[in-house]
Amino acid sequence: MIDGFNVYYSVATCINNGNIQCGKWFDYRGYCEWVTANNPNFPAGSSVHRVRLYSAIAHHDPDPSVVSRHLVLNQAMAATNVEVTLGNFKRKRIRCKVPACGGRFLKHEEKETDINVAMGVIESLLLDDVDCVVVVSGDTDLVSAVREARRFFPSKQVGVLL
């Protein structure tokens, strides 16, 4: 279960800080398979059953290449057997925080990704077709979903990769 926006912006920050040179076109399935094979927390012979990427398309972005690149990325994900689930953006009017400004601005907030990730975790555990679920995100909003999944499914492993 991959929080696409969280991972994308984490990678972008690393690129901007000079910590890595590239990474926005990431092989999520390959990464999950590598982690499964090389992390001692996974039993020998473990395999990746399903990789899901959760995101939203920024149709509001004035740069049309943003949407087209995201659509191409989603096609690439599908070609590598990564399931893509899309949320939405919600428009929100915000007030300028500078007291002398008093202006109002339109902002777009990504919605549904966190709940889609959480529901994906629960669905996989309820269907009982996995022994382990891993959430790839640094978003603390998902902490409660992981905690509750561990509580309700104590015989399953529920992990987080940041």
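Model, not experiment: these values are computed from the prediction.

Trainee: Requested: an account of the state of the cysteines, with residues and values cited.
Mentor: A full pass over the atoms with the stated rule returns zero disulfides. Cys 132 provides the cysteine sulfur closest to Cys 32, a residue in no disulfide bond, and the two sulfurs are 10 Å apart. Assessed through its relative accessible area of 16%, Cys 32 is described here as buried. The exposure class assigned to Cys 132 is partly exposed, which follows from its relative accessible area of 24%.

Trainee: Outline the pattern of salt bridges, listing residues and values.
Mentor: Should their charged atoms come close, side chains of opposite charge can pair. This structure, assessed with the given rule, holds nine salt bridges. Through salt bridges with shared partners, a single ionic network connects Arg 50, Arg 52, Glu 83 and Glu 123.

Trainee: Which residues make up the environment of Val 7, and what values do they have?
Mentor: Within the fold, Val 7 resides in helix H1 (residues 4–16). Exposure remark for Val 7: the relative accessible area of 13% places this residue in the buried category. Along the sequence, Val 7 and Val 72 sit 65 residues apart, while their C-alpha atoms lie 17 Å from each other. Those residues in contact with Val 7, other than ones at most four positions away along the chain, are Ile 2, Tyr 28 and Val 136.

Trainee: Got a sec to walk through the side chain of Asp 139? Specific residues and values, please.
Mentor: Tracing the chain through its elements places Asp 139 in the loop between strand E6 (132–136) and helix H5 (143–152). The side chain of Asp 139 sits in the buried core without any salt bridge; Lys 111 is the nearest counter-charge, 11 Å away. One polar contact links the side chain of Asp 139 to the main-chain amide nitrogen of Asp 141, over a distance of 2.8 Å. If sequence neighbours within four positions are ignored, Asp 139 has contacts with Asp 3, Asn 6 and Asp 114.

Reading the values: rules and limits
- Residues numbered from 1 in each chain as written.
- Predicted model: local features only at pLDDT ≥ 70, side-chain atom pairs only at ≥ 80, totals over all residues.
- Heavy atoms only, no water.
- Disulfide = S-S within 2.5 Å.
- Buried < 20%, exposed > 50% of the residue type's maximum accessible area, 1.4 Å probe, protein only.
- Salt bridge = Lys/Arg side-chain N within 4 Å of Asp/Glu carboxyl O.
- Helix = DSSP H or I, 4+ residues; strand = E, 2+ residues; numbered from the N terminus.
- Contact = heavy atoms within 4.5 Å.
- Lys, Arg positive; Asp, Glu negative; His and termini not counted.
- Polar contact = N/O pair within 3.5 Å; in protein donor to acceptor, adjacent residues only side chain to side chain.

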